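# Observations on chain architecture
The lines below spell out each chain.
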Amino acid sequence: MADSKIPSHLRTRGSMEATDRKQEYPPLPNPLEVGVYDNHAHLEIADGENPLDFREHLARAEEVGVKGVVQVGTDVPTSLWSADVAAIEPRVLAAVAIHPNEAPELHQKGTLDDALYVIDDLAKRPRVVAIGETGLDFYRTEAPLHQAQRRSFVEHIRLAKSHNIALQIHDRDAHQEVVDILLKEGAPERTVFHCFSGDAELAAILNEHGWYASFAGTVTFTNAKKLQAALQVMDKNRILIETDTPFLTPQPHRGKPNSPYMVPHTLRYMAKKLEMDENALAEQLTKNTFQVYGRWDDNPVRVRTNPVTGQPWDELEPSPFHES
Ligand SMILES: [Zn+2]
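Below is a summary of the structure that appears in this document. (Residues numbered from 1 in each chain as written. Predicted model: local features only at pLDDT ≥ 70, side-chain atom pairs only at ≥ 80, totals over all residues.)

### Structural notes on the overall build of the protein chain
Counting its regular elements, the protein chain contains 10 helices and 12 strands. Relative to a compact globule of 324 residues, whose C-alpha radius of gyration would be 20 Å, the protein chain shows 19 Å and is just as compact. For the C-alpha atoms alone, the extent of the protein chain along its principal axes is close to 60 × 50 × 40 Å. In the protein chain, of all internal contacts separated by at least 6 residues, the share reaching a separation of at least 24 is 74%. (Helix = DSSP H or I, 4+ residues; strand = E, 2+ residues; numbered from the N terminus. Rg over C-alpha atoms; globule rule 2.2 N^0.38 Å. Contact = placed C-beta atoms within 7 Å.)

Right under this line is the structure:
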């Protein structure tokens with residue numbers, strides 16, 4: 001695929017953290033026999049000594065039985081990127097949103113409504129299957145700015161419902177209030193707690209309302225006893241799996257760059273905890289994933305032909321929102 005207009009990366013993880021990210025990617029795990037999907041990844045973030053671009057991530061994932069990815073936006077540029085990649089790449093579906101740690105800044109600049117307008121527009125695209133990630137983060141954002149987060153979260157809930165697509169929630173240290181807002185506002189039919197971080201009590205609340213818990217590499221960490229207890233409480237038809245690439249790499253590679261091809265480590269750990277056969281769990285996770293987002297080929301990528309050369313075009317027209 002020569003010089004596509006879609007850039008490989010939009011930012012680097014190194015610029016987001018003080019830590020040295022000169023790390024190698026871990027080796028590929030043994031392949032899964034039953035295919036699964038990574039429900040949440042940020043492939044636009046470069047990480048490690050030799051960053052992988054989205055096609056390299058996807059190729060490695062396929063080698064180990066991870067057949068596709070939900071690529072998740074966190075602001076306007078990354079949401080556009082996610083929707084653009086999904087439009088040309090059969091292994092990618094997109095989620096679009098303003099992240100709870102981005103919303104307060106936009107609110108202060110007076111541009112949150114403009115950003116939400118773009119998200120609303122992107123949500124009309126056929127391979128955009130979720131509004132996310134949105135929610136509340138009381139860990140990284142200070143109390144005076146929580147009101148802007150709440151308003152943004154409510155607007156995103158409304159968007160998910162008006163487009164009848166899934167909602168992916170980022171909930172950090174805000175379990176009770178996330179639940180309260182969902183109940184007050186009326187949760188979308190398919191509501192997912194991405195990188196679920198609750199305990200057995202929150203898992204029971206999710207079961208009660210038919211909401212989904214998406215488990216990331218954090219469930220494999222030795223100090224994650226409460227999270228592991230929550231996994232055992234969740235209804236089997238309400239669990240999902242994700243990497244949150246490039247963050248939260250599962251054991252035994254915690255601290256290294258993450259990639260969708262690391263899903264088998266998390267899946268095998270979950271299967272052991274649930275005393276389930278690995279293939280049976282993979283089958284269940286894929287069934288649940290399709291229930292939330294549909295199948296990756298429900299709205300196939302359009303292969304367009306250049307009328308002059310007769311060759312396929314593998315790139316989009318630049319989106320009107322892209323900065324030149
Ligand atoms: Zn994320």
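### Here's the deal with the nonpolar core
Most often, soluble globular proteins have nonpolar side chains that are buried together. Ranked by size, the top nonpolar core spans 81 residues in total, and within it Val96 and Ile131 carry the most contacts. Broken down by element, the residue count for this core peaks at eight residues, all from helix α2 (residues 76–88). (Core = buried A, V, L, I, M, F, W, Y, C linked by C-beta atoms within 7 Å. Buried ≥ 20, exposed ≤ 12 C-beta atoms within 10 Å, placed from the backbone.)

### A short note on the sheet that holds strand β2 (residues 36–41)
Taken in spatial order, the eight strands of this open sheet run β2-β4-β5-β6-β7-β8-β9-β10, and their pairing is parallel. Each end of this open sheet is capped by a strand with a single partner; those strands are β2 and β10 (239–241). Shown here is a sheet whose adjacent strand axes are inclined to one another by a mean of 30°, direction ignored. Sheet topology places strand β8 (residues 191–193) next to strand β9 (residues 212–215); two bridges connect them, and they run parallel. When the sheet's bridge partners are listed, Val192 is paired in β9 with Tyr212. Docked against the sheet, helix α1 (residues 54–63) engages β2 and β4 (66–72), running at close to 145° with respect to β4. Sitting on the sheet, α2 touches β4, β5 (92–96) and β6 (128–137), and the angle it makes with β5 is about 155°. (Pairing = 2+ DSSP bridges. Axes fitted to C-alpha atoms, helices over the stretch in contact; angles between N-to-C directions.)

### Comments concerning the pairing of β4
Among the seven residues in β4, six count as buried, and that is most of the element. Relative to β4, β2 runs parallel, the two being bridged by four bridges. Paired with Ala41 across the bridge in β4 is Gln71. Once you follow β4 into α2 and on to β5, the crossover reads as right-handed. (Right-handed = clockwise from strand over helix to strand, strands pointing away.)

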